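Listed below, chain by chain, are the residues.
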Amino acid sequence: MPPGSLVHKITTVLSKLWFTNHPTYSSATLMLPDLELDDHVRLRKAHPCGGLDWKVLRLGADIKIECLTCGRQVMLTRRELAKRTKLILPRVDENEKK
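The following refers to the structure shown. Here the structure is a predicted model, which means the values were calculated and not measured. (Residues numbered from 1 in each chain as written. Predicted model: local features only at pLDDT ≥ 70, side-chain atom pairs only at ≥ 80, totals over all residues. Heavy atoms only, no water.)

1. Quick look at the overall build of the chain
In terms of regular secondary structure, the chain is built from three helices and five strands. The secondary structure elements of the chain, listed N-terminal to C-terminal, are α-β-β-β-β-α-β-α. The 98 residues of the chain split such that 20% are buried. Considering only contacts in the chain between residues 6 or more positions apart, those separated by 24 or more positions represent 29%. Surface accessibility of the chain: about 7500 Å² in total, with carbon and sulfur atoms responsible for 56%. (Helix = DSSP H or I, 4+ residues; strand = E, 2+ residues; numbered from the N terminus. Buried < 20%, exposed > 50% of the residue type's maximum accessible area, 1.4 Å probe, protein only. Contact = heavy atoms within 4.5 Å. Areas by Shrake-Rupley, 256 points an atom, 1.4 Å probe, with all protein chains shown as cover.)

Shown next as structure tokens:
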């Protein structure tokens, strides 16, 4: 199929419709829950140092996270972080620690 052909255009449109309406691939499943600074998240794959838990350092279009095991800092897009996040760890209030 040449890129400009009618069959290619129809296939492209249909695949976009399927992906946007399919529950597994829709962008709604990639919505990142509300994050705040100093939140801790657990990612699906372990960091090479062995750590799974990360701390949110910066929020914006890109999100900066820091490995809690080795201190390495990484910038990820919101979409990439949504894909990689397994769970957001519950917050521990400073008053409850004491």
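2. Looking at the pattern of salt bridges
By the definition in use, this model includes three salt bridges. One salt bridge in this structure joins Asp-53 and Arg-42, with 2.7 Å as the shortest N-O distance. You can see Asp-53 sitting in strand β2 (residues 53-58) and its partner Arg-42 sitting in strand β1 (residues 40-43), a full 11 residues away along the chain. Given a relative accessible area of 27%, Arg-42 falls into the partly exposed group. (Salt bridge = Lys/Arg side-chain N within 4 Å of Asp/Glu carboxyl O.)

3. A short note on the side chain of Thr-85
Inspection of the secondary structure puts Thr-85 in strand β5 (residues 85-88). A polar contact is formed between the side chain of Thr-85 and the backbone oxygen of Leu-81, at a distance of 2.5 Å. Those residues in contact with Thr-85 that lie beyond four places of it in its chain are Arg-42, Leu-43 and Arg-44. (Polar contact = N/O pair within 3.5 Å; in protein donor to acceptor, adjacent residues only side chain to side chain.)

4. A few points about the nonpolar core
Judged by nonpolar contacts, Leu-35, Val-41, Leu-43, Trp-54, Val-56, Ile-63, Ile-65, Cys-67, Leu-76 and Leu-81 together constitute the single largest core of 10 residues. Taken together, the elements giving at least two residues each to this core come down to β1, β2 and β3 (62-67). The element that contributes the greatest number of residues to this core is β3, accounting for three residues. With residues near it in sequence (within four places) discarded, Ile-65 still touches Leu-43, Trp-54, Lys-55, Val-56, Leu-57, Arg-72, Gln-73, Val-74, Leu-76 and Leu-81. (Core = buried A, V, L, I, M, F, W, Y, C linked by side-chain atoms within 4.5 Å.)

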